[in-house]
Amino acid sequence: MDALTATLALLRLEGMGPARYWQLIEHFGSAPAALQSLPDTLLQKLPERAQIQWREYRSRGERCELLAWARAERERCGETGVQLVQCGDDEYPSLLAQIARPPPLLYLRGNAAALHLPQIAVVGARRASRGGLDNARAFAAELAGAGFAITSGLALGVDAAAHRGALNAEGATLAVLGSGVDHLYPRRNIPLAEEIVENGGAVISELPLGSGAEAANFPRRNRIISGLSLGVLLVEAAVRSGSLITARLAAEQNREVFAIPGSIHNPLARGCHRMIKEGAALVETSADVVEQLGGLLAEQPPQTPDAGPPLGEDQLRVIAALGGDLCSIEQIARNTGEDTGPLMATLLQLELAGLLEQLPGGYQLTGRGSVCLRKLLGVS
């Protein structure tokens, strides 16, 4: 049995959440070994249905209901264009893997490469004010224009406005769901989700296909939103809200937290003010966010052309287009045929990798980038 099938089967057991899953993996070393050898001490803590499921697996093996469901789930994903990304795979986002008890498995519709873009989460109230919605759209558009992907939860209000702002800027955006990726909620945002997928973004969930939007799913969804992101921007939020939970989760995950202040008379500003008191950075423009995250990213060791993941076709095309010259963004767009939004994301990735630098007048390859160009051209 392969690891993906075993992981699906384990997670199918009622009461088997990420915490228990990772305890098993730590003890047994792999999902197939854990499924084969569930200890009695854990089994007794699971609901009766899970105990019955596992005992049937032990008695019937490959013919059991548990493995039949896992195989059928894989087939359903293949038929509907859903990708299964397992923690430990190269495709799994490295930032998310660093959080406590990350999702063992992600269901993804759309562009899997979007998982690896530098992301900023933009979250806030479902019943936001007009000013809050305007701020969410404007900040998301400007941050997307600076090369960041915008991550949010596809909810009404601030979430939807943030996704829309990123799309308006021709940037990438990711929607993390509290339901299955084939069971979009709220239904009013189904067209928005389809537009996200069609424009190079992704719709993500850790929940199986067909899962409904239950209240217990959303705190789990929120930890993924913050875990994927370098930082979380709180636009508007009441003191007791899911958005505030996301911001606090971000702080626990050692992510940056930003909050837009508002009127003391606006109850939806109180959550932002509370987070600012607790240490969130007060921001007035998107440049405040970019400046702080840019400094954070600059502290990370740059990747060389001989280390880290191989460069993608888009990145190699930009390096070839730059050559040895200083080029404006307009020149690079003409030479590569790329739209501005995706191009900005590629430029930011290359800049963070230490392969190019932004100078007055445009972009230029660094020494490390020039080495990469020579290899690309076959010149020693």
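Now for a description of the structure that goes with this document. Note that residues are indexed from 1 along each chain, following the sequence as it is written. Since the coordinates come from a predicted model, pLDDT governs what is reported: local features require at least 70, and pairs of side-chain atoms require 80 or more to be given and counted, while whole-chain, interface and lining totals use all residues. To obtain the side-chain values, all non-hydrogen atoms of the structure were included, while hydrogens and water were left out.

1. Observations concerning the sheet that holds strand S9 (residues 281-282)
Here comes step 1: For two strands to be treated as a pair, DSSP must find at least two bridges joining them. Runs of E in the DSSP output that reach at least two residues are strands. Runs of H or I that reach at least four are helices, and both are numbered from the N terminus. Reading across the sheet, the 9 strands line up as S1-S2-S6-S5-S4-S3-S7-S8-S9 and stay open at both edges, with mixed pairing between neighbours. Looking along the sheet, the strands with just one partner apiece sit at the ends: strand S1 (83-86) and S9.
Here comes step 2: Bridge count between strand S5 (residues 173-176) and strand S6 (residues 202-205): 3 bridges; the pairing is parallel. Pairing of Leu174 across the sheet is with Ala202, part of S6.
Here comes step 3: Those strands touched by helix H11 (residues 217-228) are strand S3 (119-123), strand S4 (149-152), S5, S6 and strand S7 (231-234), and its axis lies near 155° from that of S5. Any two residues having at least one pair of non-hydrogen atoms within 4.5 Å are treated as being in contact. Axis definition: a line fitted to C-alpha atoms, over the contacting stretch in the case of helices. Angles run 0 to 180 degrees between N-to-C directions.

2. Details of the packing of H11 against helix H12 (residues 242-252)
Here comes step 1: Interhelical geometry of H11 versus H12 gives an angle of 50° and a closest axis separation of 9 Å. Considered as vectors, H11 and H12 are oriented oblique to each other. Considering the relative orientation of H11 and H12, their crossing is right-handed. Residues Pro219, Asn222, Arg223, Ile225 and Ser226 of H11 lie in contact with H12, whose contacting residues are Gly242, Ile245, Thr246, Leu249 and Ala250. Our angle categories are set so that under 35 degrees counts as roughly parallel, over 145 as roughly antiparallel, 65 to 115 as roughly perpendicular, and the remainder as oblique. In this scheme the crossing of two helices becomes right-handed for a clockwise turn of the near helix relative to the far one and left-handed for an anticlockwise turn of less than a right angle.

3. Brief notes about the pairing of S5
Here comes step 1: Burial along S5 is two-sided: the face carrying Thr173 and Ala175 and the face carrying Leu174 and Val176 are both buried.
Here comes step 2: Pairing of S4 with S5 involves 3 bridges; the strand directions are parallel. From the neighbouring strand, Thr151 faces S5, where its bridge partner is Leu174.
Here comes step 3: Every crossover in which the path from the first strand over the helix to the second runs clockwise, viewed with the strands pointing away from the viewer, is termed right-handed. As a crossover connection, the stretch from S4 through helix H9 (residues 158-168) into S5 is right-handed.
Here comes step 4: Following the backbone out of S5, through helix H10 (residues 190-198) and into the adjacent parallel S6, one traces a crossover that is right-handed. We call a residue buried when its accessible area falls under 20% of the maximum for its residue type, exposed when it is over 50%, and partly exposed in between, using a 1.4 Å probe and counting protein chains only.

4. Here we look at helix H1 (residues 3-12)
Owing to its 3.6 residues per turn, the α-helix brings residues three or four apart onto one side.
Here comes step 1: H1 sits mainly inside the fold: 7 of its 10 residues count as buried.
Here comes step 2: Along H1, the residues that are buried comprise Leu4, Thr5, Ala6, Thr7, Leu8, Ala9 and Leu10.
Here comes step 3: The elements touched by buried residues of H1 are helix H2 (18-28), helix H3 (31-36), helix H6 (65-80), S1 and strand S2 (105-110).
Here comes step 4: A side-chain oxygen of the first residue of H1 lies 3.1 Å from the backbone nitrogen of Leu4; this N-cap is Asp2. We call two N or O atoms a polar contact when they sit within 3.5 Å, provided that within protein one can donate a hydrogen and the other can accept it, with sequence-adjacent residues counted only if both atoms are side-chain atoms.

5. Notes on the nonpolar core
Here comes step 1: Nine residue types can take part in a nonpolar core, namely buried Ala, Val, Leu, Ile, Met, Phe, Trp, Tyr and Cys, and a core is a set of them joined through side-chain atoms within 4.5 Å. In this structure, Leu96, Leu174, Ile204, Leu228, Leu234 and Met275 are the most contacted members of the largest nonpolar core, which totals 33 residues.
Here comes step 2: With residues near it in sequence (within four places) discarded, Met275 still touches Leu234, Leu244, Ala247, Arg248, Val257 and Ala280.
Here comes step 3: Formed by 26 residues, the second largest nonpolar core is a distinct cluster that contains Ala128, Phe148, Leu233 and Leu268.

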